[in-house]
Amino acid sequence: MGYPRRVMSTTTIAATASLDLNADMSVNSRQRLAVNDLIGGARLWRLALALGWLDIRLRYRGSMLGPFWLTISTGVMVAALGMLYSTLFKMDVKEYLPFLALSQVLWGFLAALVSEGCTSFTDAESVIRSVRMPFFVFAVRALVRNIIVLGHNIIVIVVTFAIFSKLPGWEALMAIPGLLVWIIDALVLTLFLGAFCARFRDIQPIVNSVMQIMFFITPVIWKPEQLGSSMSKLPLNPLFDLLEIVRGPLLGGGALTGTAWLGAIVFSVALCGVSWAFFVRARGRITFWI
Amino acid sequence: MAVRARIEVENVSVWFPLYHGSSRSLKKMVVAAASGRLGQDQQQRVVVRALRDVHLTLEQGDRLGLVGGNGAGKTTLLRVLAGIYEPVMGRVRVQGSLNALLDPSLGMNMELTGRENILLRGLYNGLPKPMLPRLEEDVAEFAELSDFLDLPVRIYSAGMVVRLGFALATAIKPQILLMDEWFLAGDAVFLEKAKHRLEAMVRGADILVLSSHQAEIIRDWCTRVLWLDQGQVRADGAPAEVLSQYLGTPLEMA
């Protein structure tokens, strides 16, 4: 993109661009346009960042604490659930609460990404229909928005860990590659679900109810060890794998972290493949669907 | 420097699938697929043919006016040129920077201040950071918001909102300017100052494509007129010629 300067100094000149859209496109040219979408979206990172921030600001507009309400509600929920379940499960609060705080916050992040992925394009309808805009921008926007939410909820984890003086060791750094996998998966999934849910409006409720079921069958509020001998089957649940590659290291390494990594990689590769194939095919049609 | 502006539209057709009610449902698709009805279902899908076989080449200096009744495909053609709708058949090639004035409130957020809206618009257009202050200065000066610039747009008077929207829309100068009819319908345009600004923008553009119901504006600004009727090109030529044909037809077209 170039920005020629001319005429008066107060004139803002639009970026030069060129466009070549052909209806009878081969897979290769479809791929090229999809790649251009990603590149164009990445170039507009400042817009995506601003929109993500804006979503949070507008969601909490006029409230005194703003997004810190997130921190408070998560904190209260973790405290209440922690008391209840540590009694129900007959577990030591000192052990259970840090686990629950971490699991709950991380799960909240994953679940929100999945559910907001469904509406990432339909919510931006007016923009998509009035200007040519890379769809990737909206994927980054959804990610940014949820990272901000996660940032506020991390306080709950830090406080809980501090109260029970459960400091993670150096192995906690192993959570970073896990988070990178999350970021890639989130972006890819948003492109996929955003397009798919724009076409089929039934998908979003399905996704939401599946996620609700997943919350209970994934060890979020209960510990993997409680399953006893069936524990080895857990890595078959891709959400467990994803959760564990970040949670495991932060809790000082779970027994299943190795297998979870394997599962997470297999699942992520499959997700990327399916999503890319769908996005390449659907990209040019999304505007007609929303 | 900038490339030579050029628009090529080859045999472009666009049709909208109508996904109302049942055709949007996944269940219907799955059931139809399972019972072997999918192929038939897809052929029976209701589609609106918004553009049919449109052929058009515009070079530097061309000023094209689009006329036609409601639903003739004027806005759809503008959206195709802007790259928003990708053609279902045919090919579109556009060279040069482009600004499409299609939605009066693009990116305008009532909860944000005027200044924030200006910055957001700059970001939507992918302007690099050093260019943002210039944009802000230009818009603020034209819209005459003074102290209101740092207050939310929500509390602006209707006139102020119109001025801000107009200033934003006309702030970024493209090589190819696409303008939908709403843009000329607002009162703002008839203020002398706004008229000057708009005319300067139109003059500055290498290619103009303008959709309008107002024959006078088309006659004044355009060097070529395309008459669309139900998505097809009905006439294409000099303004005087096509306009007299268009205006000569009975009102049933509208």
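Given the structure is predicted, the values throughout are model-derived calculations rather than measurements.

In this section: the overall build of chain B. Scanning chain B from N- to C-terminus turns up 10 helices and 10 strands. Burial status across chain B gives 53% buried among its 254 residues. In the form shown here, chain B has an accessible surface area of approximately 11,400 Å², with 52% of it arising from carbon and sulfur atoms.

So, about the side chain of Thr287(A). Looking at where Thr287(A) falls in the secondary structure, it is placed in helix α11 (residues 286–289). Judged by relative accessible area, which is 4%, Thr287(A) ranks as buried. At a separation of 3.3 Å, a polar atom in the side chain of Thr287(A) contacts the main-chain carbonyl oxygen of Ile84(B). Those residues in contact with Thr287(A), other than ones at most four positions away along the chain, are Ile128(A), Arg129(A), Phe135(A), Ile84(B) and Tyr85(B).

All names here are of chain A. Taken together, the side chains of Met 64, Leu 65, Phe 68, Trp 69, Ile 72, Val 76, Ile 155, Val 159 and Ile 163 present a nonpolar region at the surface, about 890 Å² in accessible area. With four residues, helix α3 (residues 68–88) is the largest single contributor of residues to the nonpolar patch. Within the element layout of this structure, Ile 163 appears in helix α6 (residues 136–163). Taking relative accessible area as the criterion, Ile 163 reaches 59% and is therefore assigned exposed.

Residue and element names in this part refer to chain A. The contact between helix α4 (residues 93–117) and helix α9 (residues 238–250) brings their axes to 10 Å, and the two run at 135°. Between α4 and α9, the interaxial angle falls into the category oblique. Where α4 crosses over α9, the handedness of that crossing is right-handed. Facing α4, whose interface residues are Phe 99, Leu 102, Ser 103, Leu 106, Trp 107 and Leu 110, α9 presents Leu 239, Leu 243, Val 246, Arg 247 and Leu 250. Residues of the contact of α4 with α9, tallied by class, amount to nine nonpolar, one polar and one charged.

Moving on, we come to helix α1 (residues 27–43) of chain A. All names here are of chain A. Between the first and last C-alpha of α1 there are 24 Å, a value that for 17 residues agrees with the 24 Å anticipated at 1.5 Å per step. Within α1, burial applies to Ser 29, Leu 33, Ala 34, Asp 37, Gly 40 and Gly 41. Looking down the long axis of α1, one finds its buried residues gathered within 145° of arc, a one-sided arrangement. Opposite the buried face of α1, at more than 90 degrees from it, the exposed residues are Val 27, Asn 28 and Arg 43. Buried positions along α1 lie against β2 (18–22), α2 (45–59), α6 and α10 (257–282).

This structure, assessed with the given rule, holds 21 salt bridges over all chains. Close ionic contact of Glu116(A) with Arg59(A) constitutes a salt bridge, the shortest N to O distance being 3.8 Å. Separated by 57 residues along the polypeptide, Glu116(A) in helix α4 and Arg59(A) in helix α2 bring together distant segments of the chain. Residue Glu116(A) is classed as buried on the basis of its relative accessible area of 16%. A relative accessible area of 42% means that Arg59(A) is categorised as partly exposed. Between Glu8(B) and Arg93(B) there is a salt bridge, with the nearest N and O atoms lying 3.5 Å from each other. Here Glu8(B) is found in strand β1 (residues 6–17), whereas its partner Arg93(B) is found in strand β4 (residues 89–95), with 85 residues between them in sequence. Look at Glu8(B) and you get buried, because its relative accessible area is 18%. Arg93(B) gets classed as partly exposed once you look at its relative accessible area, which sits at 28%. Connected via shared salt-bridge partners are Asp55(A), Arg59(A), Glu116(A), Arg141(A) and Arg145(A).

Turning to the environment of Phe148(B), a few remarks are in order. Residues and elements named next belong to chain B. Residue placement: Phe 148 occurs in the loop between α5 (132–143) and α6 (158–169). Considering only alpha carbons, one finds Phe 148 and Phe 166, 18 residues apart in sequence, at a separation of 16 Å. Other than its neighbours up to four places away in sequence, Phe 148 contacts Ile 155, Tyr 156 and Met 160.

Bringing helix α3 (residues 74–81) of chain B into the picture now. Residue and element names in this part refer to chain B. Along α3, seven of the eight residues are buried, which leaves the element largely enclosed by surrounding structure. Among the residues of α3, those classed as buried are Lys 74, Thr 76, Leu 77, Leu 78, Arg 79, Val 80 and Leu 81. Looking one or two residues beyond α3, the residue adopting positive phi is Gly 83, at roughly 80°.

So, how was this worked out
Residues numbered from 1 in each chain as written. Chains lettered and ligands numbered in written order. Predicted model: local features only at pLDDT ≥ 70, side-chain atom pairs only at ≥ 80, totals over all residues. Heavy atoms only, no water. Helix = DSSP H or I, 4+ residues; strand = E, 2+ residues; numbered from the N terminus. Buried < 20%, exposed > 50% of the residue type's maximum accessible area, 1.4 Å probe, protein only. Areas by Shrake-Rupley, 256 points an atom, 1.4 Å probe, with all protein chains shown as cover. Polar contact = N/O pair within 3.5 Å; in protein donor to acceptor, adjacent residues only side chain to side chain. Contact = heavy atoms within 4.5 Å. Patch = residues over 30% accessible without salt bridge, like charges linked within 9 Å, V, L, I, M, F, W, Y side chains within 5 Å. Salt bridge = Lys/Arg side-chain N within 4 Å of Asp/Glu carboxyl O. Axes fitted to C-alpha atoms, helices over the stretch in contact; angles between N-to-C directions. Parallel < 35°, antiparallel > 145°, perpendicular 65-115°, else oblique. Left-handed = near helix turned anticlockwise from the far one by under 90°. Nonpolar A, V, L, I, M, F, W, Y, C, P; charged D, E, K, R; others polar. Expected span 1.5 Å × (residues − 1). Arc of directions from axis to C-beta.

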